[in-house]
Amino acid sequence: MSPKVALKRYDSSPESLRQVIALCSGFRNLKSNSKILIKPNLVVWDNKFPIPPYGVFTTTRIIEDLIILLKEQGCSDITIGEGGLTMKGEATTFPAFEGLGYTALAEKYGVRLVDFHKSQTAIAKNGEGQQIRFARDAIETDFFINVPVIKTHSQTKVSLGMKNMKGCLKTVSRKQFHDTRYGLENWIQWLPDILNPALTIIDGIYALEMGALHVGSTAHRKNILIASTDALGADLVGAKAIGFNGDEIDHLKKYATRTGKPLQLEAYEIKGDSLADNITPFKWDWRWNEANTGPYAFEKAGIQGISVPKYDSSLCSGCSPLVNMINVLVMSAYKGAPFEKIEVLNGKKMQAQPGFDKTLLIGNCIIAANRANPNIKKALKVAGCPPSEEALLNGLKSAGIEIDPDAYSRFLIRQSEKYLGKPDFVKTFFECSTSCST
Ligand code: SF4
């Protein structure tokens, strides 16, 4: 029998979710006494410069609908768990729970909220015997419900169910996943084996093209829900909904090859609304110039004398926001004269090239990787794992880049305001419903 994947247009709560779960028989293995874990995608939270939530976070509406449906099944042991990015040394999980109405949901429905960073560690092995460290709360559950949002990703092209499970890792394994040998997508393909999602619900009410806080990022009101008990099938349909075939997504391809599961959509029974009618092709990548010395925007602005090679898969989420910040600050500092032969390296494997007077090394990994590099005339080390924003600003200044320190704040403000007044972008999707008690 073909694995089932259901797709429904979202039109009301909780009926649309009820229908899509019923179509894929998503609760068939659920018991009223199951210990349930819901894993949304609440990637990061910033109270100072609020990130527009559309396509960035799983909607609070869908999580509330899911709780209502689970309660109808008689379930009472429900936990929502996430491990948001750390900013300024603090995990942003609980600020995200607070800002997105999850604390109100917890109070109203009696569900538990867990920050995976605070959870005990459980060590699991992948099929090749490599150890991976998880939050124990993510492992010790009877019924794992994975609720990602549809988005593209700068390293893995798409971020759907499999990628969302990376949020269950302890910090040490998050860094391990961005190693230089085994590779990010190789690691990701083991997550379904270990976390064993009983149900994947892909929230496509909003979907995000080209990242949250980058030039060119765009949220779309797609208004679809996808559900399946088959983790691969759900991701294949989610990927297709934004224009990608399974064989274009490395972690899906690796998982299918290893498990012998089908990568072609024809092998799945897609129930509900038409997938063909709900495809919107998304872009996922930022263009760098041919010499790999900067994003295409540098070339367009005529920026010379600086090389910022394109990030690679070894750049982990700790340092990743700094790369965007560097690009914005360099652009703000350019006043028409070439910079003074500077290169800026990040991640874990870039190597300094000849021809530069100053090499700015962002983060402990790249400092170590270039320790003995003979091409470096003057190393400017921005130490930290990840380095602080302050250290980065000081590093850029010490390289002679006359940055406008407020340029990045202005950029973030523009990003946070860009959906204001647009009728498709409705804030209440990211709040506990009005009947919430707090
Ligand atoms: S220095 Fe940066 S890239 Fe290296 S592990 Fe730390 S956060 Fe990740």
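Residues numbered from 1 in each chain as written. Predicted model: local features only at pLDDT ≥ 70, side-chain atom pairs only at ≥ 80, totals over all residues. Heavy atoms only, no water.

Draft legend 1. Structural context of the pairing of strand E9 (residues 143–147). Within E9, five of the five residues are buried, which leaves the element mostly enclosed by the surrounding structure. A two-sided burial pattern is seen for E9, the buried positions comprising Phe143, Ile145 and Val147 on one face and Phe144 and Asn146 on the other. Both E9 and strand E12 (residues 199–209) contribute to a ladder of two bridges, which runs parallel. Paired with Ile145 across the two strands is Leu199, which belongs to E12. (Buried < 20%, exposed > 50% of the residue type's maximum accessible area, 1.4 Å probe, protein only. Helix = DSSP H or I, 4+ residues; strand = E, 2+ residues; numbered from the N terminus. Pairing = 2+ DSSP bridges.)

Draft legend 2. Layout of the pairing of strand E10 (residues 149–153). Of all five residues that make up E10, five are buried, and the element is covered over most of its length. On E10, burial covers both faces: Val149, Lys151 and His153 on one face and Ile150 and Thr152 on the other are all buried. By the bridge criterion, three bridges tie E10 to E12 in an arrangement that is parallel. Opposite Ile150, over in E12, you have Ala207 as the bridge partner. Two successive antiparallel strands, E10 and strand E11 (residues 157–159), enclose a turn made up of three residues.

Draft legend 3. Broad picture of the site of the ligand. Taken together, Lys175, Cys316, Gly318, Cys319, Asn364, Cys365, Gly384, Cys385 and Pro386 form the complete shell of residues around the ligand. Partitioning the shell around the ligand into residue classes produces five nonpolar, three polar and one charged. (Near = heavy atom within 4 Å. Nonpolar A, V, L, I, M, F, W, Y, C, P; charged D, E, K, R; others polar.)

Draft legend 4. Highlighting the pattern of salt bridges. In the structure shown here, the tally under the stated rule is 14 salt bridges. Its salt-bridge partner being Glu82, residue Lys39 comes within 3.0 Å of it at the nearest N-O pair. Remark: Glu82 occurs in strand E3 (residues 78–82) and Lys39 occurs in strand E2 (residues 36–40); sequence separation between them is 43 residues. In this structure, Lys39 and Glu82 share a single accessibility class: buried. Measuring nitrogen to oxygen at the nearest pair gives 3.9 Å for the salt bridge that ties Lys254 to Asp250. Within this pair, Lys254 and its partner Asp250 are both found in helix H11 (residues 250–259), separated by four residues, close to a single helical turn. For Asp250, a relative accessible area of 31% puts it in the partly exposed group. Overlapping salt bridges bring together Glu15, Arg18 and Glu72 as one network. (Salt bridge = Lys/Arg side-chain N within 4 Å of Asp/Glu carboxyl O.)

Keep in mind these values describe shape, not function.
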